[in-house]
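Descriptive structure summary
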Amino acid sequence: MDNHFDVIVLGTGLIESITAARTYDPNPYYGADEASLSLDELVQWVNRRKEHDRSVTHYGELPSYARQYSVSLGPSVIPSIGPFISSLIASGVSRYGSFKLLGRVVIYDGGMLKDVPQSKDDIFQSKAMSLLEKRRVTRFLMFAAGDFENNKELHGQENSPLLDFLHRIFLLSEATARAITYALGYCYFIAEKTLPALHRIRAYLKASGRYGPSSFLVGYYGGSGEIAQGFCRAAAVRGGVYILGRSVTKNPVLTSDLPRFAIEVDDFPDRLHCRCLISSTSLLPGHLSTLADVIRPSISSYSSPRPFAVARCIAVVNGPITLPWDIEDSGTSEVSDSLLLVFPPGSLHGGSAISAVHVMTAGPGILYISMPLLTNSVHSAEILLRPYLTAVLSLFPAEQQQQKTLISSTSDPLVGLLAVPSSSPHITQGVDEAAIVAEATFRKAAYSLNREIKEMNQGCEQTVFWPVLAEMEEGEGNDMHW
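Now for a description of the structure that goes with this document. Keep in mind that this is a model prediction, so the values were computed, not measured.

**Details of the overall build of the protein**
What the protein contains, in helices and strands, is 13 helices and 23 strands. Expressed as a percentage of its 482 residues, the buried residues of the protein come to 54%. Surface exposure of the protein reaches about 21,900 Å², of which carbon and sulfur atoms provide 51%.

Structure below.
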């Protein structure tokens, strides 16, 4: 029957979009809290949030060309090697977007901006390090790129803070250790453990060189929201049904027989029935959330501690962001099409002494500033991030035009009811976690429907996540679009 489905997915966040077969979303756009919006859509989103969250604020008037902007609610970069990039290519979704290498990675240190070397050549060309320091850094990078788990230098140090490990074991200077900790290992907090950070560093070192000198890619337009829409489009091409701008008018209910779940959607005369219901945790009512099988990422070996919340600022500035080509010799400047600036904890007067803050640009005129919070804060995102916005606008010769600040703010599981968490806000590992959760959700759904997934090779533990789409794309070129 037309209103009976195998699977219904509530929401179009990045995880749900990768998993999606049948999707329903109360938002009039794809991507949920990782959506890509024009400026006027962003203001509408903020106004809706302000009804429930007073920490969301915005300032300034919209420019006449507001719809020409594509603003990401969840900006992130894509590691060049990892689960997410594999899903992009194998699913064919990469053809729906355009990508480029992340440009420069810069750290704020001692009131100055310093480039973070991205290769051995960069290290030896750097004027900021002595020859002895360069040799020590090279020794650490060789250690981090190898099989360090059984190395004597790591023995007994796995749970010590990475910053302390770099000082004591590799004798690195304070400035170099901070650059590695926060702009190579991308640690969120000052006391993050050594072993998980080393796993991240090794992954990013291996990713360097696949598409160019940077370990990361960024989307030309919109970030994660654009990619989520690409996955939705891929599902729709294969028969997936999407409904946007409609609310679930009645909480999902259990039925006495198969299909076991039923939901009612605004403007739909009949109930929709399914054997498996997948939903973000935020959309499940309380009585079902306690029964759901919550899918968790399986990459905890190199994860940062998941923050309680993330304070975010989106700032629209008048003109492109320019940065000296050689910061140590600031005679010339370049327009920075994509840039990642890291403020280590305690580096900025009036800023956080606990959290690292990231400033990202992925196109002209837009700054994304994010601060992870370990606990609930009594301060708004504006108060927390204003010092960083002021510092950035003073460092970059671009005139501030307008600013918008916002803050993101058990029994046995029921078979067929799957709940997915919100995507990790981590700027470098969030998309990989999303891909891993999506694959785990798909396999749980297939299991609940008593379907078998054929393995790539007999006796292999790893099964094919994208078998049909991979075959469809064969011979058409599955590489990234530039």
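**Section: the side chain of S38**
With respect to the secondary-structure elements, S38 resides in the loop between β3 (36–37) and α2 (39–50). Residue class for S38 comes out buried when judged on its relative accessible area of 5%. Separated by 2.3 Å, the side chains of S38 and D40 make a polar contact. Aside from chain neighbours lying at most four places away, what touches S38 is A66, R67 and Y69.

**A few points about the sheet that holds strand β7 (residues 99–101)**
The strand order β6-β10-β7 describes an open sheet built from three strands, whose pairing is antiparallel. With one partner strand each, in any of the chains shown, β6 (78–79) and β7 form the two edges of the open sheet. The pairing of β6 with strand β10 (residues 216–219) spans two bridges and is classified as antiparallel. Its bridge partner being in β10, I78 is matched across the sheet by L217.

**Quick word on the environment of F261**
As for its placement among the helices and strands, F261 is situated in strand β13 (residues 261–265). Distance in space between the C-alpha atoms of F261 and H4 is 9.9 Å, their sequence separation being 257 residues.

**A few points about helix α12 (residues 430–448)**
Its 19 residues give α12 an end-to-end C-alpha distance of 27 Å, which sits within 8% of 27 Å, the value for a rise of 1.5 Å per residue. Along α12, 14 of the 19 residues are buried, which leaves the element largely enclosed by surrounding structure.

**Structural notes on the packing of aromatic side chains**
All chains considered together, the criterion is met by 13 aromatic pairs. With 4.8 Å between their ring centres and 35° between their planes, Y108 and F343 make a pair best called tilted. Here Y108, found in strand β8 (residues 104–109), pairs with F343, found in strand β19 (residues 339–343); they are 235 residues apart in sequence, far enough to count as distant. Here Y108 matches F343 in class, with each residue buried. Consider the rings of Y186 and F216, whose centres lie 5.7 Å apart with planes at 90°: the pair is edge-to-face. Note that Y186 is positioned in the loop between α7 (174–183) and α8 (194–207) and F216 in strand β10, a separation of 30 residues in sequence. We classify Y186 as buried; its relative accessible area is 2%.

**A closer look at the pattern of salt bridges**
Scanning all chains against the criterion turns up 13 salt bridges. R386 is the partner of E382 in a salt bridge, and the nearest nitrogen-oxygen pair spans 3.3 Å. Residue E382 and its partner R386 are both found in helix α11 (residues 381–395); the two are separated by four residues, about one turn of the helix. Its relative accessible area of 30% is what places R386 among the partly exposed residues. When the shortest N-O distance is used, the salt bridge between E439 and R443 registers 2.4 Å. On the criterion of helical spacing, the pair formed by E439 and R443 is a turn pair, its members being four residues apart in helix α12. Using a relative accessible area of 23% as the deciding quantity, one classes R443 as partly exposed. Overlapping salt bridges, with partners in common, bring together D109, K114, E174 and R178 in one network.

**Describing helix α6 (residues 162–170)**
Residues of α6 that are buried include every one of L162, L163, F165, L166 and F170, and no others. The buried residues of α6 occupy an angular sector of 165° when projected down its axis, which confines them to one face. In the core, the buried residues of α6 are packed alongside α5 (131–145), α7 and α8. Positive phi shows up at L171, right after α6, with a value of about 55°.

**Topic: the pairing of β13**
In terms of burial, β13 is a largely internal element, four of the five residues being buried. Taken together, the three bridges between β13 and strand β14 (residues 272–280) define a ladder with antiparallel strand orientation. Residue pairing in the sheet places I263 in a bridge with L272 of β14. Between β13 and β14, which pair antiparallel one after the other, the connecting turn spans six residues, and D267 there sits at a positive phi close to 70°.

**Remarks on the pairing of strand β16 (residues 309–318)**
By the criterion of burial, β16 is predominantly enclosed, with nine of the 10 residues buried. As paired strands, β16 and strand β21 (residues 366–373) are joined by eight bridges and run antiparallel to one another. Of the residues in β21, the one forming a bridge with I314 is Y368.

About the thresholds
- Residues numbered from 1 in each chain as written.
- Predicted model: local features only at pLDDT ≥ 70, side-chain atom pairs only at ≥ 80, totals over all residues.
- Heavy atoms only, no water.
- Helix = DSSP H or I, 4+ residues; strand = E, 2+ residues; numbered from the N terminus.
- Buried < 20%, exposed > 50% of the residue type's maximum accessible area, 1.4 Å probe, protein only.
- Areas by Shrake-Rupley, 256 points an atom, 1.4 Å probe, with all protein chains shown as cover.
- Polar contact = N/O pair within 3.5 Å; in protein donor to acceptor, adjacent residues only side chain to side chain.
- Contact = heavy atoms within 4.5 Å.
- Pairing = 2+ DSSP bridges.
- Expected span 1.5 Å × (residues − 1).
- Phe/Tyr/Trp six-rings, centres within 6.5 Å; stacked < 30°, edge-to-face > 60°.
- Salt bridge = Lys/Arg side-chain N within 4 Å of Asp/Glu carboxyl O.
- Arc of directions from axis to C-beta.

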